[in-house]
Amino acid sequence: MNEEFMREAINLALDGMRENKGGPFGAIVVKDGAIVGRGNNAVTTTNDPTAHAEVVAIRDACKNLDTFQLDGCEIYTSCEPCPMCLGAIYWARPSKLYYACSKSDAAEAGFDDDFIYNEIDVPISERKIEFIQLLRKEAQEVFDEWKEKEDKIKY
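Quick caveat, the model's predicted, so the values are computed rather than measured.

Colleague: Looking at this structure, how should I read the sheet that holds strand β1 (residues 26-31)?
Modeller: Judged by pairing direction, the sheet is mixed, and its 4 strands sit side by side in the order β2-β1-β3-β4 without closing on themselves. Two strands bound the open sheet, and with one partner strand each, they are β2 (34-40) and β4 (96-101). For this sheet, the mean angle separating the axes of adjacent strands, direction not counted, is 15°. Pairing analysis gives 5 bridges linking strand β3 (residues 73-79) to β4, with the strands arranged parallel. Along β4, the bridge assignment pairs Tyr-76 with Tyr-98.

Okay, structure coming up:
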């Protein structure tokens, strides 16, 4: 069954690429043996740099399952996730992820995420994009209120 699901993710990548929807990436989310979310890269057609296949599939699955977490789900993706998608996957909390191509394969095809992985370990003051902290005390008040909020939904 795993190979059939991976073939579906690969086919989404191929179809999306051939239809010029975005880059050659596809992903699905599976729960209890059924596909509950699908996505292909749609960055260029949606003008959304976050519309990577994994993020699109996670959004679709969460909508279809009416939840903000993918407990008990598995993600199949045609390529090892980039740093953004990796973060989204961890936030979604699936139980397992299967991938086909590696990040090295993606780099050879022109999708090199190493510069992002490298930036993560660089001190904020030395990053390529300037990071400027403003109004921390005011924003901290929101966190303080959150900590005291009785009816919050934890995630």
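Back to the write-up after that little detour.
Colleague: Would you explain unusual backbone geometry in this entry?
Modeller: Residues apart from glycine generally show negative phi values, whereas peptide bonds are mostly found in trans. Positioned with a positive phi, Asn-47 is a non-glycine residue whose angle comes to about 55°. Tracing the sequence through the fold places Asn-47 in the loop between α2 (43-46) and α3 (53-65). Overall, the relative accessible area of 70% leaves Asn-47 in the exposed class. Phi at Arg-93 is positive, roughly 60°, even though this residue is not glycine. Its location among the elements puts Arg-93 in the loop between α4 (83-92) and β4. A relative accessible area of 33% means that Arg-93 is categorised as partly exposed.

Colleague: When you look at the environment of Asp-71 in this model, what are you seeing that I'm missing?
Modeller: One can find Asp-71 in the loop between α3 and β3. In this structure Asp-71 comes out as partly exposed when scored by relative accessible area, which is 45%. For the pair formed by Asp-71 and Ser-95, sequence separation is 24 residues and the distance between their alpha carbons is 6.5 Å. Among residues more than four places away in sequence, those in contact with Asp-71 are Lys-31, Ala-92 and Arg-93.

Colleague: What's the story with the pattern of salt bridges in this structure? I'm lost.
Modeller: Between side chains of opposite charge, a pair can form when the charged atoms approach closely. Evaluated as defined, the whole model comprises 6 salt bridges. We note a salt bridge from Arg-7 to Glu-3, for which the minimum N-O separation is 3.9 Å. Of this pair, Arg-7 and Glu-3 both sit in helix α1 (residues 2-18), 4 residues apart, roughly one helical turn. Here Arg-38 ties to Glu-8 by a salt bridge, and the two come within 3.4 Å at their closest N and O atoms. You can see Arg-38 sitting in strand β2 and its partner Glu-8 sitting in helix α1, a full 30 residues away along the chain. The partly exposed category is assigned to Arg-38, whose relative accessible area is 39%.

Calculation rules
In this convention, every chain numbers its residues from 1, walking through the sequence in written order. Predicted model: local features are reported for residues with pLDDT of at least 70 only, side-chain atom pairs are reported and counted for 80 or more only, and whole-chain, interface and lining totals are derived from all residues. Remark: hydrogens and water are excluded; side-chain values derive from all non-hydrogen atoms of the structure. When DSSP locates at least two bridges between a pair of strands, those strands are taken to pair. Each helix is a run of DSSP H or I of at least 4 residues and each strand a run of E of at least 2, with the numbering of both proceeding from the N terminus. Helix axes use the C-alpha atoms of the stretch in contact, all axes being lines fitted to C-alpha atoms, and the angles between their N-to-C directions lie in the range 0 to 180 degrees. Buried residues are those whose accessible area, probed at 1.4 Å on protein chains only, stays under 20% of the maximum for their type, while exposed residues exceed 50% and partly exposed ones sit between those limits. Note on contacts: a residue pair is in contact if any heavy atoms of the two residues lie within 4.5 Å. Definition used for salt bridges: Asp or Glu carboxyl oxygen within 4 Å of a side-chain nitrogen of Lys or Arg.

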